[in-house]
Amino acid sequence: MRIVFAGTPDFAATHLQALLDYAQSHTDFHIVGVYSQPDRPANRGKKLMASPVKQLALENGLDVYQPLNFKADEDVDALAALKPDLMVVVAYGLLLPQRVLDIPTLGCINSHASLLPRWRGAAPIERAIEMGDSKTGVTVMQMEAGLDTGPMLYKAEVPIAATDTGGSMRTRLATVGAKSVIEVVERFSKGPVLGEVQDDSLSSYAKKLNKQEALINWHASAEAIALKVRAFNPAPMCFTLLGDQRIRVLQAEVVPQSHRSIPGTILSVSEQGILVACSEFSLNLKHIQLPNKKPAQVADILNGNHPFVEQYVLASEF
């Protein structure tokens with residue numbers, strides 16, 4: 001079987017590594033090409049950086065292709081020249097046009113980090129945590145032109161723990177997704193695989209995260225804010241404004257304590273945390289990051305005499 005892989009971030013690289021491992025013990029299985037997003041500027045120096053998938057592919061001697069999109073005929077022709085039986089797509093970052101989906105003999109499959117049809121779209125892991133879902137998972141689907149709408153070939157369910165963050169769930173789901181893709185690839189090696197059609201009436205959309213929505217709105221409930229803090233960790237990371245200082249919040253817990261204060265008011269400051277009023281109950285900030293500092297527990301920050309003042313009202317907008 002001739003496989004083309006398409007992916008970009010670490011989540012996808014975990015899948016590619018699983019396919020590489022699989023190929024070592026299956027002589028009839030060949031990864032004939034890898035697609036990834038073009039190199040992007042990264043870090044403070046803004047130097048062009050290869051994606052984790054590209055780096056892994058080059059380390060293993062695989063040919064890498066990085067078209068900006070598939071609008072150019074030469075990019076489509078280059079893929080066709082690889083004569084793929086199957087294309088495995090994981091967090092690639094491009095919507096593939098139908099003429100690309102039609103190239104592999106067995107079509108294209110995608111590993112998506114949700115229990116479809118719930119949370120189609122760019123940020124399924126974070127949206128599941130943000131909305132308080134008790135479980136999520138991975139769905140391997142046969143791709144079609146719509147956004148995450150194809151027939152489902154395999155689903156693996158994963159519980160969301162009360163301590164899970166976007167980062168911890170991504171790590172767990174990458175491992176689960178890699179195993180799921182191998183399971184589906186093995187099924188394809190034995191013949192055609194039929195999928196379950198998605199029920200569009202049960203679908204929801206996981207829109208892309210942005211930094212503006214990471215600003216904590218203290219007029220929301222403490223529970224809603226706590227969920228967002230977990231979901232947006234490690235990126236884009238929730239933050240609040242203390243004067244002109246941007247304070248990142250890595251960990252917070254709900255305190256079911258009634259109050260009559262304006263949302264955003266610092267109710268108390270102690271080694272146990274910074275207690276802030278919300279529209280419903282309060283939120284205790286335990287792990288934060290001050291500007292130009294490393295993340296730290298509040299107790300350690302207070303030892304440095306940072307002036308958090310009770311009754312100060314944190315801003316909910318710029």
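Residues numbered from 1 in each chain as written. Predicted model: local features only at pLDDT ≥ 70, side-chain atom pairs only at ≥ 80, totals over all residues. Heavy atoms only, no water.

Q: Any chance you could break down the sheet that holds strand β1 (residues 2-7) for me, citing the residues and the numbers?
A: What links the strands of a sheet is backbone hydrogen bonding, and the strands pair in either a parallel or an antiparallel sense. Ordered by their spatial adjacency, 7 strands build an open sheet running β5-β2-β1-β6-β7-β9-β10, and the pairing between neighbours is mixed. In this open sheet, the two strands that pair with only one neighbour each are β5 (64-65) and β10 (152-159). Pairing analysis gives 2 bridges linking strand β2 (residues 30-35) to β5, with the strands arranged parallel. Residue V34 lies in a different strand from β5, and its bridge partner there is V64. Sitting on the sheet, helix α1 (residues 10-24) touches β1, β2, β6 (86-90) and β7 (108-112), and the angle it makes with β1 is about 165°. (Pairing = 2+ DSSP bridges. Helix = DSSP H or I, 4+ residues; strand = E, 2+ residues; numbered from the N terminus. Contact = heavy atoms within 4.5 Å. Axes fitted to C-alpha atoms, helices over the stretch in contact; angles between N-to-C directions.)

Q: Which residues make up the packing of α1 against helix α2 (residues 52-59), and what values go with them?
A: At a minimum axis distance of 8 Å, the contact between α1 and α2 shows a crossing angle of 25°. Here α1 is positioned roughly parallel relative to α2, judged by the angle of their axes. Contacts from D10, A12, A13, L16, Q17 and L20 of α1 reach α2 at P52, V53, L56 and A57. Of the residues that constitute the contact of α1 with α2, the class distribution is 8 nonpolar, 1 polar and 1 charged. (Parallel < 35°, antiparallel > 145°, perpendicular 65-115°, else oblique. Nonpolar A, V, L, I, M, F, W, Y, C, P; charged D, E, K, R; others polar.)

Q: Could you give an account of the pairing of strand β16 (residues 282-289), naming the residues involved and the relevant values?
A: Counting buried residues along β16, 6 of its 8 residues qualify, which places the element largely inside the surrounding structure. As judged from the 7 bridges shared by strand β13 (residues 245-255) and β16, these two strands associate in the antiparallel manner. Paired with R248 across the bridge in β16 is Q289. Of the pairings in the sheet, the one linking strand β15 (residues 273-277) to β16 comprises 4 bridges and is antiparallel in character. Considered in β16, the bridge of V276 is made with L283. Here β15 hands over to β16 after 4 residues, with F281 in that stretch at a positive phi of 65°. Sheet analysis places β16 next to strand β17 (residues 296-297), joined by 2 bridges and oriented antiparallel. Along β17, the bridge assignment pairs H287 with Q297. Connecting β16 to the antiparallel partner β17 that follows it, the hairpin turn spans 6 residues, and N292 within it adopts a positive phi of roughly 60°. (Buried < 20%, exposed > 50% of the residue type's maximum accessible area, 1.4 Å probe, protein only.)

Q: Can you explain the packing of aromatic side chains? Please cite residues and give values.
A: Given two aromatic rings, their pairing is described by the distance between the two centres and the angle made by the two planes. Under the definition given, this model contains 3 aromatic pairs. Both rings, one in Y35 and one in Y65, keep their centres 5.0 Å apart while their planes meet at 20°; by these two values the pair is stacked. Taken as a pair, Y35 in strand β2 and Y65 in strand β5 lie far apart in primary sequence, 30 residues in all. Since its relative accessible area comes to 1%, Y35 is described here as buried. In this structure an aromatic cluster arises from ring pairing among Y35, Y65 and F70. (Phe/Tyr/Trp six-rings, centres within 6.5 Å; stacked < 30°, edge-to-face > 60°.)

Q: Describe unusual backbone geometry, and please don't skip the residues or the numbers.
A: Cis geometry marks the peptide bond from L116 to P117, where omega comes out at 10°. For P117, the location among the structural elements is in the loop between β7 and β8 (120-121). The peptide bond linking A235 to P236 adopts the cis configuration, its omega dihedral lying at 5°. A positive phi angle, near 65°, is found at W119, a position not held by glycine. Structurally, the position occupied by W119 is in the loop between β7 and β8. According to the relative accessible area criterion, W119 is buried, its value standing at 9%. For F281, which is not glycine, the phi dihedral falls at a positive 65°. Here F281 shows up in the loop between β15 and β16.

Q: Tell me what's going on with a positive patch on the surface, and back it up with residues and numbers.
A: A contiguous patch of positive charge, built from K46, K211, R246 and R248, is present on the exposed surface. Mapped onto the elements of the fold, R248 is located in strand β13. R248 sits in the partly exposed class, given a relative accessible area of 37%. (Patch = residues over 30% accessible without salt bridge, like charges linked within 9 Å, V, L, I, M, F, W, Y side chains within 5 Å. Areas by Shrake-Rupley, 256 points an atom, 1.4 Å probe, with all protein chains shown as cover. Salt bridge = Lys/Arg side-chain N within 4 Å of Asp/Glu carboxyl O. Lys, Arg positive; Asp, Glu negative; His and termini not counted. Charge placed at Lys NZ, Arg CZ, Asp CG, Glu CD.)

Q: Before we move on, could you go through the pattern of salt bridges and cite the residues and values that matter?
A: Should their charged atoms come close, side chains of opposite charge can pair. Using the criterion set out here, one finds 12 salt bridges in the structure. The partner of E130 in a salt bridge is R127, with the nearest N and O atoms 2.8 Å apart. Taken together, the positions of E130 and R127, both in helix α5 (residues 124-130) and 3 residues apart, correspond to about one turn of that helix. For the residue pair E130 and R127, the accessibility class agrees, reading buried in each case. Connected through shared salt-bridge partners, R127, E130, E213 and K228 make up one network.

Q: Before we move on, could you go through α1 and cite the residues and values that matter?
A: Taking 1.5 Å of rise per residue, 15 residues should cover 21 Å, and α1 covers 21 Å from first to last C-alpha, within 8% of that figure. Among all positions of α1, only F11, A12, A13, H15, L16, A18, L19, L20 and Y22 are buried. Where α1 is buried, its residues meet β1, β2, α2, β6, β7 and α6 (166-188). (Expected span 1.5 Å × (residues − 1).)

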